[in-house]
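Letter by letter, the chains look like this.
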Amino acid sequence: MISLKVHGLSKKSKPNLDNWKSFLERLKNPKHEVNIGLIGKYVELKDSYKSISESFIHAGVSNETKVNVKWIHSEELTPANVADELAGLDGILVAPGFGSRGIEGKIEAVRHARENNIPFLGICLGMQLIMERGNEPYECKGLGWIEGEVKKFQLLDLNIPHMGWNTIQNLQSGLLMGISENSYMYSVHSYYANTGNQTIACSQYEHEFSAALQSDNFYGVQFHPEKSSKDGAQLLQNFLNL
């Protein structure tokens, strides 16, 4: 009753469920179907990636598409089995994470996507893998499909990790279609990629860095679209349309 009063709603009014009914209709009767591989090292605990899987469901509904998410453990991917494990996928997403455990399998998934021209989206660490080199904490080679380097923030006046909402600017890709300049995205990271010719969006945290990158149908985002409200949902919807 208090909530109704605060929002000026009559307790006698009938709720308008048209949007909800439309959502259910598209959810239950999709016109298309896609298979997306979700590569991560916590897939046995699906709640770890709940925000990603649920975001794909909602993005699929917007596209009248059923999204079949194949959960793939990065620690179990090897050069010998990667082709079989990733067979039949229409897109590959390498999930965020930290630490070295499972990184070899993520690299194999990225390599397979590139060599077989499968649309790819890397989130956070998944994006950093496709850079030329990184410093986490020592210099090491990346896969080199995006020009540039991953560096650690060296900030005197700002907190590390960079955590929370930040705006993105200079949007230049179909991946970001329908997202406005200076939209807010959610980030958690201590390392960043410098800007370059393949930067399709940037952010500021004391200095400018790449918020999103692209090489052909290979995309990476430093922020977390699955945690970034309607603009993050729009990005995942766009990825399904690639």
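Above this note sits the structure.
Residues numbered from 1 in each chain as written. Predicted model: local features only at pLDDT ≥ 70, side-chain atom pairs only at ≥ 80, totals over all residues. Heavy atoms only, no water.

Below, the discussion takes up the overall build of the protein. Scanning the protein from N- to C-terminus turns up seven helices and 13 strands. Its C-alpha atoms give the protein a radius of gyration of 19 Å, near enough to 18 Å, the size a compact globule of 242 residues would have. Residue burial in the protein is summarised as follows: out of 242 residues, 48% are buried. When contacts within the protein are restricted to residue pairs at least 6 apart in sequence, long-range pairs at least 24 apart make up 66% of them. Total accessible area computed for the protein in this model is approximately 12900 Å², and 49% of it derives from carbon and sulfur atoms. Looking at charge distribution, the protein has the averaged site of its 23 positive side-chain charges lying 12 Å from that of its 27 negative ones. (Helix = DSSP H or I, 4+ residues; strand = E, 2+ residues; numbered from the N terminus. Rg over C-alpha atoms; globule rule 2.2 N^0.38 Å. Buried < 20%, exposed > 50% of the residue type's maximum accessible area, 1.4 Å probe, protein only. Contact = heavy atoms within 4.5 Å. Areas by Shrake-Rupley, 256 points an atom, 1.4 Å probe, with all protein chains shown as cover. Lys, Arg positive; Asp, Glu negative; His and termini not counted. Charge placed at Lys NZ, Arg CZ, Asp CG, Glu CD.)

On to empty space enclosed by the protein. Summed over all chains, the structure comprises one cavity of 30 Å³ or more. There is about 50 Å³ of room inside the largest cavity. The set of elements that each furnish at least two residues to the lining of the largest cavity consists of β8 (162–168), β9 (183–189) and β12 (207–215). The element best represented in the lining of the largest cavity is β8, accounting for three residues. (1 Å grid on protein atoms, 1.4 Å probe; cavity = no way out; pocket = protein on both sides within 12 Å on 5 of 7 lines; lining within 4 Å. Points joined across faces, edges and corners; volume = space filled by probe spheres on them.)

Attention now moves to unusual backbone geometry. Cis rather than trans, the peptide bond between I160 and P161 has omega equal to 5 degrees. Mapped onto the elements of the fold, P161 is located in the loop between β7 (146–152) and β8. The phi dihedral of E64 is positive, around 55 degrees, even though this residue is not glycine. Along the polypeptide, E64 turns up in the loop between α3 (50–62) and β2 (65–73). A residue is classified by how much of its surface remains accessible, and E64, at 26% relative accessible area, is partly exposed.

Taken together, the side chains of E44, E76, D84 and E85 make up a negatively charged region of the molecular surface. We classify E76 as exposed; its relative accessible area is 55%. (Patch = residues over 30% accessible without salt bridge, like charges linked within 9 Å, V, L, I, M, F, W, Y side chains within 5 Å. Salt bridge = Lys/Arg side-chain N within 4 Å of Asp/Glu carboxyl O.)

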